[in-house]
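Summary of structural features
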Amino acid sequence: MQKKVFIRTFGCQMNEYDSARTLDLLEAGGGYARTDIMEEADLVLLNTCSVREKAQEKVFSDLGRIRKLRGAKPDLLIGVSGCVASQEGEDIISRAPYVNLVFGPQTLHRLPAMIEAFHRTGEAQIDTRFPEIEKFDHLPPAKVDAPTASVTIMEGCGKFCSYCIVPYTRGREVSRPLADVLTEIAGLTEQGVKEILLLGQNVNAWRGVTASGEKADFALLVEQVAAIPGIERIRYVTSHPREFTHRLLKAYERVPELVSHLYLPAQHGSDRILAAMKRGYTAMEYKSLIRRLRAVRPDLLVSSDFIVGFPGETDEDFEAMMRFIDETDFDNSFSFLYSPRPGTPAASLPMDIPLEVRKERLQRLQAKIDEQTRRHNEAMVGSVERVLVEGRSQKNPAQFQGRTAGNRVVHITVPDDSLVTAGKFADIRITKATRYALAGEPATVRLPA
Ligand code: SAH
Ligand code: SF4
Ligand code: F3S
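About the criteria used
Residues numbered from 1 in each chain as written. Chains lettered and ligands numbered in written order. Predicted model: local features only at pLDDT ≥ 70, side-chain atom pairs only at ≥ 80, totals over all residues. Heavy atoms only, no water. Near = heavy atom within 4 Å. Nonpolar A, V, L, I, M, F, W, Y, C, P; charged D, E, K, R; others polar. Polar contact = N/O pair within 3.5 Å; in protein donor to acceptor, adjacent residues only side chain to side chain. Areas by Shrake-Rupley, 256 points an atom, 1.4 Å probe, with all protein chains shown as cover. Helix = DSSP H or I, 4+ residues; strand = E, 2+ residues; numbered from the N terminus. Salt bridge = Lys/Arg side-chain N within 4 Å of Asp/Glu carboxyl O. Buried < 20%, exposed > 50% of the residue type's maximum accessible area, 1.4 Å probe, protein only. Contact = heavy atoms within 4.5 Å.

Some points on the site of ligand 2
Neighbouring residues of ligand 2: Cys 157, Lys 159, Phe 160, Cys 161, Tyr 163, Cys 164, Val 166, Pro 167, Gln 201, Asn 202, His 240 and Arg 279. Broken down by class, the residue content of the shell around ligand 2 amounts to 7 nonpolar, 3 polar and 2 charged.

Now the structure itself:
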């Protein structure tokens, strides 16, 4: 009987991408079929995240549970990949000796060889090196069955924000060659993909060369992706305010495929804290960038990440962040309580803010962002939005579900199924807004009475 693999993924979209490619790899050459049921699997992989302590601890509690599956299946293989694997390496085996495979984000392509080596030797296999960008050369073409797909364009991060573990778990910034990225995307459009999400920790630090040997930057990459037949929408996560070039700003004028929704983490709104975080910009510089972007794209929605309770954050710093949020008018964003990460410079700073104060600040900040997001949602009621239809709604199979350019889920009620098609765009009149989603119906031409 064919063996089965189950992967549980934590963390960011780059991890999601890696998990999808690991499944492609194991299906194409590793002799495995994917399953969504962990109990059915012969190989269980946890693709992990260590960006905050909670995420990291979850891995070990999950591992304990997975180990119990060995009772019914003594040959069950257990693997840990991703950023915890990268950070902890052999220590994972010390803490959980029943784990068979440990590999990092840059060595996942070696998984079939590691499985083979484990079977041959009976010894746990560990490989958490950063061998440049070789993994992409050893992965089969990506397979998708949705109209949207992600492509990792660069690995690692060289920014070293003082609180962040990513540069240590993912290695330094390495860009994939332009031609590779374009080929992968062209392959995706042949499978019906219309919307592409470019992935990296700082996509605007991407650098490459064109076919004629000229230097290429992220703005040029975006233009070339837009030129691929079939691509109608381009998004990217994450970009860094410090590397937001004039050329990228100009791309918003020239490239209609770039959606009017930008995910640009600000992290804070107080210059003192931004400096302590080593972000390399001021609140004013961030706001001025958004102002210039909105001059080109008045409907631009901006999402961000925020960290609350960084060591030394005073009431004034927090109020400055709240004002900054008011002035910028953010959309749906993520906010986190600061979590000290071992080995990062900020981890040695004393935590001088009581937990209740930090929690209260987080709550106030989240309420403000929710309020701004709800206002954006409500403003869409009555308007017609171009929606990329993904398929039937998960909640109600009588409805369809899709996404607007601003990345909002729309539940679509159809009087007749032929009015929308999964995988295609449709013009939808928005009839209702809630905090998390919109509802609508196909916008039909209204004839004059
Ligand atoms: N490269 C991206 C973010 C990657 S990590 C950027 O620079 O914007 C995703 C988010 O996790 C960050 O934006 C930050 O808000 C949060 N984060 C990172 N380290 C953290 C820490 N030590 N504690 C709390 N949140 C953290
Ligand atoms: Fe972490 Fe900063 Fe790099 Fe983002 S830019 S991944 S926050 S070090
Ligand atoms: Fe987490 Fe690693 Fe992504 S730490 S956020 S999975 S880069």
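Regarding the site of ligand 1
In the vicinity of ligand 1 there are 15 residues, among which Tyr 163, Gln 201, Gln 267, Asp 305 and Ser 339 approach most closely. In this structure, Gln 267 approaches ligand 1 through a side-chain N or O atom, which is 2.7 Å from an oxygen atom. Summarising the interface, the protein chains cover 92% of the accessible area of ligand 1, which totals 540 Å² for the free molecule. Contributing elements (two or more residues each) for the shell around ligand 1: strand E16 (305-308) and strand E17 (334-337). Per-class residue counts for the shell around ligand 1 are 7 nonpolar, 4 polar and 4 charged.

Section: the pattern of salt bridges
Counted under the stated rule, the structure contains 37 salt bridges. The salt bridge partner of Arg 170 is Glu 155, with a shortest N-O separation of 3.6 Å. Here Glu 155 lies in strand E8 (residues 154-155) and Arg 170 lies in helix H6 (residues 166-170), a separation of 15 residues in the sequence. Judged by relative accessible area, which is 2%, Glu 155 ranks as buried. A salt bridge links Arg 247 to Asp 217; its shortest N-O distance comes to 2.7 Å. Pair noted here: Arg 247 is in helix H9 (residues 246-254) and Asp 217 is in strand E12 (residues 215-217), with a separation of 30 residues, a long-range link. Taking the relative accessible area as the measure of exposure, Arg 247 reaches 38% and is therefore partly exposed.

Focus on the side chain of Thr 373
Position of Thr 373 relative to the elements: it lies in helix H13 (residues 355-379). A relative accessible area of 0% means that Thr 373 is categorised as buried. Sequence-distant contacts of Thr 373, defined by excluding residues within four places in its chain, comprise Phe 330, Asp 331, Asn 332, Arg 408 and Arg 435.

Some words on the environment of Gly 280
Tracing the backbone shows Gly 280 in the loop between helix H10 (271-276) and helix H11 (283-296). Along the primary structure Gly 280 and Lys 159 are separated by 121 residues, whereas in three dimensions their C-alpha atoms are 9.3 Å apart. Those residues within four positions of Gly 280 in sequence are excluded, and the remaining contacts are Arg 242 and Glu 285.

Such coordinate-based values are descriptive only and should not be taken to indicate function.
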